[in-house]
Amino acid sequence: MSMTPGSKSRSSTPTVFEQQREELVREIAVVGLGQLVVLLESRQLTELTDLRRVGNEFSSVEALWSQFENFMGRPEEEKAESGVKKEELHEDHTELHEQELADERSELDG
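In this text, all values refer to a predicted model and were calculated from it rather than measured experimentally.

Calculation rules
Residues numbered from 1 in each chain as written. Predicted model: local features only at pLDDT ≥ 70, side-chain atom pairs only at ≥ 80, totals over all residues. Heavy atoms only, no water. Helix = DSSP H or I, 4+ residues; strand = E, 2+ residues; numbered from the N terminus. Buried < 20%, exposed > 50% of the residue type's maximum accessible area, 1.4 Å probe, protein only. Phe/Tyr/Trp six-rings, centres within 6.5 Å; stacked < 30°, edge-to-face > 60°. Axes fitted to C-alpha atoms, helices over the stretch in contact; angles between N-to-C directions. Parallel < 35°, antiparallel > 145°, perpendicular 65-115°, else oblique. Contact = heavy atoms within 4.5 Å. Nonpolar A, V, L, I, M, F, W, Y, C, P; charged D, E, K, R; others polar. Salt bridge = Lys/Arg side-chain N within 4 Å of Asp/Glu carboxyl O.

Re the overall build of the protein chain
In step 1: A count of helical and extended segments in the protein chain gives four helices and zero strands.
In step 2: Start at the N end of the protein chain and walk to the C end: the helices and strands fall as α-α-α-α.
In step 3: Taken across its 110 residues, the protein chain has 4% of its residues classed as buried.

Shown next, in the form of structure tokens:
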């Protein structure tokens, strides 16, 4: 006795897939195919909008990661030079800040 693809091999309750399929068939019959297409497109547009919103939230993370990748991809000599430049900038900034503080103190004293 061979079974055809359409015949059921079990007589138990329908699977979740079969239940969902039946629900969709009922919706198509009640609502109509045209309205169902509009409904599905609306749901899809909402999902795409939500995905875009989530994607935009990670743009700052992506930018930071790109900077990290660029830094790690540079040769060691450039990294060392960059570190020296950062130290020089920090020293310049510290000296400038100390000078500004000294100027403020002299203005207050004088």
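As for the packing of aromatic side chains
In step 1: Per the stated rule, a full pass over the model turns up one aromatic pair.
In step 2: Taking the centre distance of 5.3 Å and the plane angle of 35° together, the rings of tryptophan 65 and phenylalanine 68 count as tilted. In this pair, tryptophan 65 and phenylalanine 68 both sit in helix H3 (residues 59-73), three residues apart, roughly one turn of the helix.

Quick notes on the packing of helix H1 (residues 16-31) against helix H2 (residues 33-57)
In step 1: Packing of H1 against H2 brings their axes to within 7 Å, and their N-to-C directions diverge by 120°. Relative to H2, the element H1 lies oblique. Every residue of H2 that contacts H1 at Glu27, Ile28 and Val31 is listed here: Leu33, Gln35 and Leu36.
In step 2: For the contact of H1 with H2, a count of residues per class yields four nonpolar, one polar and one charged.

Some remarks on the pattern of salt bridges
In step 1: Per the stated rule, a full pass over the model turns up two salt bridges.
In step 2: With a shortest N-O distance of 3.1 Å, arginine 53 and aspartate 50 are connected by a salt bridge. Here aspartate 50 and arginine 53 lie together in helix H2, a separation of three residues that amounts to about one turn.
In step 3: The partly exposed category is assigned to arginine 53, whose relative accessible area is 48%.

Limitation: the analysis is restricted to geometry and does not speak to function.
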